[in-house]
Amino acid sequence: LHDALPIYDVEHLELSHIASYSNEKQARIFSLYDTKEALISACRIPSGTTTFLEVGGTRCGSIILSGNDLRKAETAVKIHPDSNISEVIMEGNIR
C-alpha cells in the first residue's frame, strides 16, 4: 500500500479535479501534514482505496473536502492522533 499524494507543511492549498486510477490498492489518496487552509474538491478515486484523506501534524487547520466522490474509499477521513484538529469540514461529497 502507498500514498498517491503526500503533502507537507503547506498553507493555502487547493486541489481540484484530480482523478486517481490504479490497479494497486491505495493506502491513502491524500496525506496532509502540518497543512492549513486546504480545499480538496471534485476528486475521484479508484476502487480499493483505504483512506481518501489522512491529516496529521501539530500545525493543521481549516481543511475542507467539497464535492468529492468518496464512494470507493473504505474511510473518507482519518485524523492522526498527533494532529491538533478534531475534524475536517465536509460539504457536498458523495458517499
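Now for a description of the structure that goes with this document. (Residues numbered from 1 in each chain as written. Predicted model: local features only at pLDDT ≥ 70, side-chain atom pairs only at ≥ 80, totals over all residues. Heavy atoms only, no water.)

**A word on the overall build of the protein**
Reasoning step 1: When helices and strands are counted, the protein shows zero helices and eight strands.
Reasoning step 2: In sequence order, the protein lays out its α and β elements as β-β-β-β-β-β-β-β.
Reasoning step 3: The C-alpha atoms of the protein give a radius of gyration of 12 Å, which matches the 12 Å a tight globule of 95 residues would have.
Reasoning step 4: Across its three principal axes, the protein shows a C-alpha extent of roughly 35 × 25 × 20 Å.
Reasoning step 5: Sorting the 95 residues of the protein into buried and exposed places 42% on the buried side.
Reasoning step 6: Partitioning the contacts of the protein with sequence separation of at least 6, the portion at a separation of at least 24 is 67%.
Reasoning step 7: Roughly 5,200 Å² of accessible area belongs to the protein as shown, and the carbon and sulfur atoms make up 46% of that amount.
Reasoning step 8: Side chains of the protein carry 9 positive and 13 negative charges; the gap between the two charge centres is 7 Å. (Helix = DSSP H or I, 4+ residues; strand = E, 2+ residues; numbered from the N terminus. Rg over C-alpha atoms; globule rule 2.2 N^0.38 Å. Buried < 20%, exposed > 50% of the residue type's maximum accessible area, 1.4 Å probe, protein only. Contact = heavy atoms within 4.5 Å. Areas by Shrake-Rupley, 256 points an atom, 1.4 Å probe, with all protein chains shown as cover. Lys, Arg positive; Asp, Glu negative; His and termini not counted. Charge placed at Lys NZ, Arg CZ, Asp CG, Glu CD.)

**Remarks on the sheet that holds strand β2 (residues 11-16)**
Reasoning step 1: The four strands are arranged β2-β4-β6-β8 in an open sheet whose pairing can be described as parallel. Edge positions in the sheet fall to β2 and β8 (89-91), since each of these pairs with one other strand and no more. Between one strand and the next, the sheet's axes are offset by a mean angle of 10°, whatever the strand orientation.
Reasoning step 2: Here strand β6 (residues 61-66) runs beside β8; their pairing, made up of three bridges, is parallel. Residue pairing for β8: Ile-64 is matched across the bridge by Ile-89. (Pairing = 2+ DSSP bridges. Axes fitted to C-alpha atoms, helices over the stretch in contact; angles between N-to-C directions.)

**Notes on the side chain of Ser-31**
Reasoning step 1: By secondary structure assignment, the location of Ser-31 is in strand β3 (residues 26-33).
Reasoning step 2: The class of Ser-31 is buried, set by a relative accessible area of 0%.
Reasoning step 3: Those residues in contact with Ser-31 that lie beyond four places of it in its chain are Asp-3, Leu-5, Pro-6, Ile-7 and Glu-54.

**A word on the nonpolar core**
One recurring pattern in soluble globular proteins is that nonpolar side chains are buried together.
Reasoning step 1: Within the largest apolar cluster, 21 residues are counted, with the highest numbers of intra-cluster contacts made by Phe-30, Leu-32, Ile-40, Phe-52, Leu-53 and Ile-63.
Reasoning step 2: Among the elements of the structure, β2, β3, β4 (36-41), β5 (49-56), β6 and β7 (73-79) are those that each provide at least two residues to this core.
Reasoning step 3: Excluding residues that lie within four positions of it along the chain, Leu-32 makes contacts with Ile-7, Leu-13, Ala-38, Ile-40, Leu-53, Glu-54, Val-55, Gly-56 and Ile-63. (Core = buried A, V, L, I, M, F, W, Y, C linked by side-chain atoms within 4.5 Å.)

**A short note on the pattern of salt bridges**
Reasoning step 1: As enumerated under the stated definition, the model contains five salt bridges in all.
Reasoning step 2: The shortest N-O distance in the salt bridge between Glu-54 and Lys-78 comes to 3.8 Å. Highlighted residues: Glu-54 in strand β5 and Lys-78 in strand β7, separated in sequence by 24 residues.
Reasoning step 3: Among the charged side chains, a salt-bridge network with shared partners connects Asp-9, Asp-34 and Arg-59. (Salt bridge = Lys/Arg side-chain N within 4 Å of Asp/Glu carboxyl O.)

Honestly, it's all geometry; don't read function into it.
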